[in-house]
Amino acid sequence: MVRAAARQAGAPGKKTHLAETIYDVAIIGSGPAGYTAAIRAGQLGLKTALIERTDQLGGTCLHVGCIPTKTLLFHAEVWDHLKHATDYGIDNVGEPKINWPNALRRKNAIIAKHVKGLEFLMKKNKVTTIEGYGRLTGPAQDGIHTVSIYTEGGGGAAGEQSFLKAKNILVATGSDAKMLPGLEADTRILTNIEILSMPAVPKSLIVIGAGAVGVEFGSIFRSFGTEVTIVEYLPRIVPVEDEEISKELTRQFKKRGIDVNTGAKVEKVEKTEAGVRVTFTDQNGKTQIKEADKVLVAVGRSPRTDNIDIQKTKIELDRGFIKTNEWMETAEPGIFAIGDIVSGYPQLAHSGSMAGMVAVAKIAGRHYRSINRLRIPACTYTEPQVGSVGLTEAAAKEKGHEIKVGKFPFAGNSKATIVDSHDGFVKIVADAKFGEVLGVHIIGPQATEIIAEAVVAMDLEATVDELMYTIHAHPTLSESMLDAYGAVEGMAINA
Ligand SMILES: Cc1cc2nc3c(=O)[nH]c(=O)nc-3n(C[C@H](O)[C@H](O)[C@H](O)COP(=O)(O)OP(=O)(O)OC[C@H]3O[C@@H](n4cnc5c(N)ncnc54)[C@H](O)[C@@H]3O)c2cc1C
């Protein structure tokens, strides 16, 4: 990365211009939204600059989100399998022990490998990467925007300032973990950042918030032997999922010894001599007190839009999130927003990266189509996994659809038995009249992989009739999709 933008311009002063280059696109933020947009812009022949405030590309997803958590999840899965080694005909594994520093080392090595991969891809696609803090400066002048870049001083206006000219700007600054009022993250009160570098596996952990981030960490650490308590304000965990999925995940979490408290309002989080104490009002109105080594606060993520001079533009905000049209254009001509900062889109890496591709295709005047909100898969990497796309049963009914539902349990799938994971099900919500698939909800083995087939089917507007006759290899977990489509017509073979 070009470390100091001003230095690249060769100018010694405090305020400089970045050479005389006018970029087609300047992207602020190098998370999955920003880096994907940069690569695609390069592929489309656009002169592209990618501005990143830290010294590494990749954003939340690569450094403290998707990649490290899924690495630890894989380690947890291996650990879970080891516990059953004898059942699998493997003796003499001795007494397996977790070597946490090694687990963290592998996680960090995977991150480092992918940072290098991104650097390579930027070079390959002729993207200029610039290390610095980008801010907007206002509307374009004669069709040319200016981004100011501070080389030091983080979010402030301190440090050397330089300017970069571009015909279009993509804002992709991502999000931060929300903290409960009055709390600050440290070694006992954790967000997704601190929990990923704890020196040891905690004996006990309270997770506040049962969205994807909260349940994933709860599930991972439970596998590693931590006593996990989940405290969720809403009446169910993974509240955006189909109700039956929440119910099944709760059942399986309880079976694994996770203490699940829903409808619970946190009143107080305090530090004790050795750990933390969380006081909450439970669903029956009773005060409950739980103590643990650590508490993870996973109550959502706020968009990083408050320190980039948005007010100098016409960009409109909705509770801090940037409003865009379906091509990711903001109200300020030539400025687009993508990723976690956009209003009305899920805060998911693949949603942001596709938004980046849509935006740059629009800029390049290429064939493109906008994102269909109902075709964005949601994956929760717990044990068991959850994968879903489209409408839940309740949402389909609310929208006035007459529906048919098909449900197939993994208990009837031979591969699920082979991999020793036969809890859970596939649920299809289909339009009753034409059989169009409106939603697919999976909880069980490899749900986050199998869901891809449903996304493609729904994107191509496939109907249950057609899908019932698509050939699925045997024995595979994805055969459960075939049976679930059959179940919509009361004709699952294996149930
Ligand atoms: C624990 C956890 C697990 C997750 N797991 C998954 C998962 O499995 N699958 C999934 O799809 N999603 C997952 N997510 C969500 C996913 O990480 C985010 O949706 C994704 O990272 C958002 O991408 P983004 O590009 O919008 O922002 P970010 O990834 O947050 O990247 C924004 C980048 O912009 C930079 N930046 C910010 N402000 C400026 C500025 N002014 N100038 C220059 N640079 C700036 C930041 O340093 C950062 O590098 C997870 C999130 C968490 C917290």
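Residues numbered from 1 in each chain as written. Predicted model: local features only at pLDDT ≥ 70, side-chain atom pairs only at ≥ 80, totals over all residues. Heavy atoms only, no water.

This brings us to the confidence of the model for the protein chain. Summarising the model, the protein chain shows a mean pLDDT of 94, and 95% of its residues fall at 70 or more. Within the model, the stretch residues 4-16 combines pLDDT values under 50 with 25 contacts to residues more than four positions away or in other chains. (pLDDT = per-residue confidence, 0-100. Contact = heavy atoms within 4.5 Å.)

Quick look at the nonpolar core now. Ranked by size, the top nonpolar core spans 53 residues in total, and within it Leu 170 and Ile 338 carry the most contacts. Among the elements that line this core, the one with the most residues is helix 2 (residues 32-43), at 6 residues. (Core = buried A, V, L, I, M, F, W, Y, C linked by side-chain atoms within 4.5 Å. Buried < 20%, exposed > 50% of the residue type's maximum accessible area, 1.4 Å probe, protein only. Helix = DSSP H or I, 4+ residues; strand = E, 2+ residues; numbered from the N terminus.)

The antiparallel open sheet is built from 3 strands, whose spatial order is 12-13-14. Looking at the sheet topology across the chains shown, the edges are occupied by strand 12 (265-271) and strand 14 (287-292). This sheet shows a mean twist of 20 degrees between the axes of neighbouring strands, independent of strand direction. (Pairing = 2+ DSSP bridges. Axes fitted to C-alpha atoms, helices over the stretch in contact; angles between N-to-C directions.)

The geometry of helix 4 (residues 66-83) relative to helix 6 (residues 212-223) is characterised by a closest axis approach of 9 Å and an angle of 35 degrees between their N-to-C directions. The hand of the helix 4/helix 6 crossing is left-handed. Contacts between helix 4 and helix 6 pair Thr 69, Lys 70, Leu 72, Leu 73, Ala 76, Trp 79, Asp 80 and Lys 83 from the former with Glu 216, Phe 217, Ile 220 and Ser 223 from the latter. Partitioning the contact of helix 4 with helix 6 into residue classes produces 6 nonpolar, 2 polar and 4 charged. (Left-handed = near helix turned anticlockwise from the far one by under 90°. Nonpolar A, V, L, I, M, F, W, Y, C, P; charged D, E, K, R; others polar.)

Bringing the site of the ligand into the picture now. In the neighbourhood of the ligand, 38 residues make up the surrounding shell, with Glu 52, Arg 53, Thr 60, Lys 70 and Asp 340 lying closest. Pro 32 places a main-chain nitrogen or oxygen 3.4 Å from an oxygen atom of the ligand. The contact in question runs from an oxygen atom of the ligand to an N or O atom on the side chain of Asp 340, over 2.7 Å. The fraction of the free accessible surface of the ligand (1,000 Å²) that becomes covered by protein chains is 96%. Those elements giving two or more residues to the shell around the ligand turn out to be helix 2, strand 2 (48-52), helix 3 (59-64), helix 4, strand 4 (133-136), helix 6 and helix 8 (349-364). Per-element tally for the shell around the ligand: the top contributor is helix 3, with 4 residues. (Near = heavy atom within 4 Å. Polar contact = N/O pair within 3.5 Å; in protein donor to acceptor, adjacent residues only side chain to side chain. Areas by Shrake-Rupley, 256 points an atom, 1.4 Å probe, with all protein chains shown as cover.)

Turning to the pattern of salt bridges, a few remarks are in order. Counted under the stated rule, the structure contains 25 salt bridges. The residue Lys 427 makes a salt bridge to Asp 242 at a minimum N-O spacing of 2.8 Å. Here Lys 427, found in strand 23 (residues 425-431), pairs with Asp 242, found in the loop between strand 10 (227-231) and helix 7 (243-255); they are 185 residues apart in sequence, far enough to count as distant. In terms of burial, Lys 427 and Asp 242 fall into one category: buried. For Lys 427, a relative accessible area of 1% gives the class buried. Through salt bridges with shared partners, one network takes in Asp 242, Glu 244, Glu 393, Lys 397, Lys 407 and Lys 427. (Salt bridge = Lys/Arg side-chain N within 4 Å of Asp/Glu carboxyl O.)

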